[in-house]
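Inside the fold
Each chain is listed here by its residues.
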Amino acid sequence: MELLQVDLMDEAQKKLYGFIRQIPVRTKKVSLREGAYTRLAADIPAPEDVPLFNRSTVDGYAVIAADTYGASESIPTFLKVAEEVSMGKAAAVKLKSGQCAYVPTGGMIPEGADAMVMVEYCELLDADTVAVCQPSAVGKDIVCRGDDMKAGSVVLKAGTVLRPQEIAALAALGVGTVEVEEPFRTAIISTGDELVPVDHKPEAGQIRESNSYSIKAQAERAGMEVVSTAFYPDQEDELETGIRQAMETCDFVFLSGGSSQGKKDMTARLFDRVTDGGVCTHGLALKPGKPTILAWDETSHTVLVGLPGHPSAASIVFELLVARTLRIHRGQPYQPYVEAKTMYNIASAPGRGTCMPVILHPKESGLEAEPVLGRSGNWSILVKADGYFLLDHNQEGIKAGETVKVYLFER
Ligand code: AMP
Ligand code: MG
């Protein structure tokens, strides 16, 4: 089978993104505790104001700002303590000019007060007299009712991924259950006559199957739900049955191995047969990762991804093509990186992008990136690597000492 339609990474990402957007969205209600890193299915309007009352952001005295104008250490303003507000209790008094009330951080500001003065600038002279040594201003150190989140306003939009901070905001609003999108259901299939399970000792010529492990972990990191992992010998009919079964219940089917031009390599043939759209990407202009295949089945709304068999190539393609496109879909199109100086010259592959795994070394002058050279069939390359940098398909290469963006392999 020829590599017919070789795509640049951008092109393949665009196609994949187009498919992902056509996968029907299923939703479910989850308790807020189970909601971390899921995607909201609908806008969330604030059911009430947060905070519900005017709160102090400091320990100090609630005052009428005008009473404190001109106050200084040499000429303090003397105020009568009308109340000591307790945490979790409503303030009772209504302040009049000449009065103040002690309010702890987060405590309720009494009616009439419009500013706080921190305790550091106050001196309690007797049981109910305070010397204020600094002027305050209206609103100083106060969060007013609804300042943080206003009742009725949309605080979180549909499609928002619930990070810890969004979860906390929902908790503050009293939203205990949320309607979220179900994660993409995913099947991971490996193929190869040489593959044996992890608990088997490989005989000469055999190796242990590992791609389903890395891809499962990567898929879960990318927010997918892996519903099955399986591996098959290079038997076309068995494999076809496996893929068809997976397509019935899954949104994504990953098949690693069998995607290059070897005699037994039948991923493309199979994808053509099991999808109505057929193969739309047959090869990626990426090193490593050339034997990557994409297909879309309109009938079952399933994305099929053929990944290279070589373990580190399979992981890299998942990261660059799948995980990155999923980030775009989740509204996080940027990718965190650190800058580092490459330690060696790295030549790029003509007409192809290059993904260069690196080890990061913190030095006094900043980070240095040591390229990890080796074959994409090696497991140890990515084990050593802290991250990777990319060379564009039309870039000539990079010289030692040049700065690169290193994307990190992190959770
Ligand atoms: P293929 O794409 O089938 O030609 O496989 C390329 C290389 O990757 C071969 O050396 C395979 O033995 C190896 N390989 C393929 N699938 C796996 C797998 N699931 N786990 C580990 N290595 C694999
Ligand atoms: Mg194979």
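To keep things clear, this report deals only with the structure shown in the data block.

**Notes on the overall build of the chain**
A count of helical and extended segments in the chain gives eight helices and 29 strands. Rg of the C-alpha trace for the chain: 30 Å, well past the compact-globule value of 22 Å for 411 residues, more than 25% over. Reported as C-alpha extents along the three principal axes, the dimensions of the chain are approximately 95 × 50 × 40 Å. Residues counted as buried form 46% of the 411 residues belonging to the chain. For the chain, the proportion of contacts with a sequence separation of at least 24, taken over those separated by at least 6, is 73%. A total accessible area of about 20500 Å² is found for the chain, and carbon and sulfur atoms account for 51% of it. For the chain, the centre of its 41 positive side-chain charges and the centre of its 55 negative side-chain charges are spaced 3 Å apart.

**Structural notes on the packing of aromatic side chains**
Applying the stated criterion across every chain, the model contains eight aromatic pairs. Each ring, one from Phe-19 and one from Trp-296, has its centre 5.3 Å from the other, and the planes form 5°; the classification is stacked. Residue Phe-19 is located in helix α1 (residues 9-22), and its partner Trp-296 is located in strand β21 (residues 293-297); the two are separated by 277 residues in the primary sequence. Residues Phe-19 and Trp-296 agree in their burial class; the two are buried. Consider the rings of Tyr-388 and Phe-409, whose centres lie 5.4 Å apart with planes at 45°: the pair is tilted. Taken together, the positions of Tyr-388 in strand β27 (residues 387-391) and Phe-409 in the segment after β29 (403-408) put the pair 21 residues apart, joining distant regions of the chain. Linked through ring pairs, Phe-184, Phe-252, Phe-254 and Phe-318 together constitute an aromatic cluster. The cationic tip of Arg-324 hangs over the ring face of Tyr-407; the distance from NZ or CZ to the ring centre is 4.4 Å.

**With respect to the site of ligand 1**
Taken together, 18 residues form the shell around ligand 1, and within it Glu-194, Glu-209, Ser-210, Gly-258 and Gly-309 come nearest. Ser-190 is positioned such that a nitrogen or oxygen atom in its side chain is 3.5 Å from a nitrogen atom of ligand 1. Within the backbone of Gly-258, a nitrogen or oxygen atom sits 2.7 Å from an oxygen atom of ligand 1. When isolated, ligand 1 has an accessible area of 490 Å², and the protein chains bury 81% of it. Of all the secondary structure elements, the ones that give two or more residues to the shell around ligand 1 are β14 (185-191) and β16 (207-208). Class assignment for the residues of the shell around ligand 1 results in four nonpolar, eleven polar and three charged.

**Regarding the sheet that holds strand β7 (residues 99-103)**
Here six strands make up an open sheet; going across it, the order is β8-β5-β7-β6-β10-β9 and the pairing mixed. Whereas interior strands pair on both sides, the edge strands pair on one side only; in this sheet they are β8 (115-118) and β9 (122-126). Each adjacent strand pair in this sheet contributes to an overall mean axis angle of 40°, direction not counted. In this sheet, β7 lies alongside strand β6 (residues 77-84) in parallel orientation, the contact comprising four bridges. Each bridged residue has a counterpart across the sheet, and for Lys-80 the counterpart in β7 is Gln-99.

**Comments concerning unusual backbone geometry**
Residue Val-50 is joined to Pro-51 through a cis peptide bond whose omega torsion reads -5°. With respect to the secondary-structure elements, Pro-51 resides in the loop between β3 (44-45) and β4 (55-56). In this structure, the amide linkage connecting Lys-287 to the following residue, Pro-288, adopts the cis form with an omega of -5°. Position of Pro-288 relative to the elements: it lies in the loop between β20 (286-287) and β21.

**Overview of the packing of helix α4 (residues 211-221) against helix α7 (residues 311-329)**
Where α4 contacts α7, the two axes come as close as 10 Å, and the packing angle between them is 15°. Relative to α7, the element α4 is oriented roughly parallel. Pair α4 / α7 crosses with right-handed handedness. For the pair α4 and α7, contact is made by Asn-211, Ser-214, Ile-215, Gln-218, Ala-219 and Arg-221 and by Pro-311, Ala-314, Ser-315, Phe-318 and Glu-319, respectively. Across the contact of α4 with α7, the residue classes break down as five nonpolar, four polar and two charged.

Procedures and definitions
Residues numbered from 1 in each chain as written. Chains lettered and ligands numbered in written order. Predicted model: local features only at pLDDT ≥ 70, side-chain atom pairs only at ≥ 80, totals over all residues. Heavy atoms only, no water. Helix = DSSP H or I, 4+ residues; strand = E, 2+ residues; numbered from the N terminus. Rg over C-alpha atoms; globule rule 2.2 N^0.38 Å. Buried < 20%, exposed > 50% of the residue type's maximum accessible area, 1.4 Å probe, protein only. Contact = heavy atoms within 4.5 Å. Areas by Shrake-Rupley, 256 points an atom, 1.4 Å probe, with all protein chains shown as cover. Lys, Arg positive; Asp, Glu negative; His and termini not counted. Charge placed at Lys NZ, Arg CZ, Asp CG, Glu CD. Phe/Tyr/Trp six-rings, centres within 6.5 Å; stacked < 30°, edge-to-face > 60°. Lys NZ or Arg CZ within 6 Å of the ring centre and 35° of its normal. Near = heavy atom within 4 Å. Polar contact = N/O pair within 3.5 Å; in protein donor to acceptor, adjacent residues only side chain to side chain. Nonpolar A, V, L, I, M, F, W, Y, C, P; charged D, E, K, R; others polar. Pairing = 2+ DSSP bridges. Axes fitted to C-alpha atoms, helices over the stretch in contact; angles between N-to-C directions. Parallel < 35°, antiparallel > 145°, perpendicular 65-115°, else oblique. Left-handed = near helix turned anticlockwise from the far one by under 90°.

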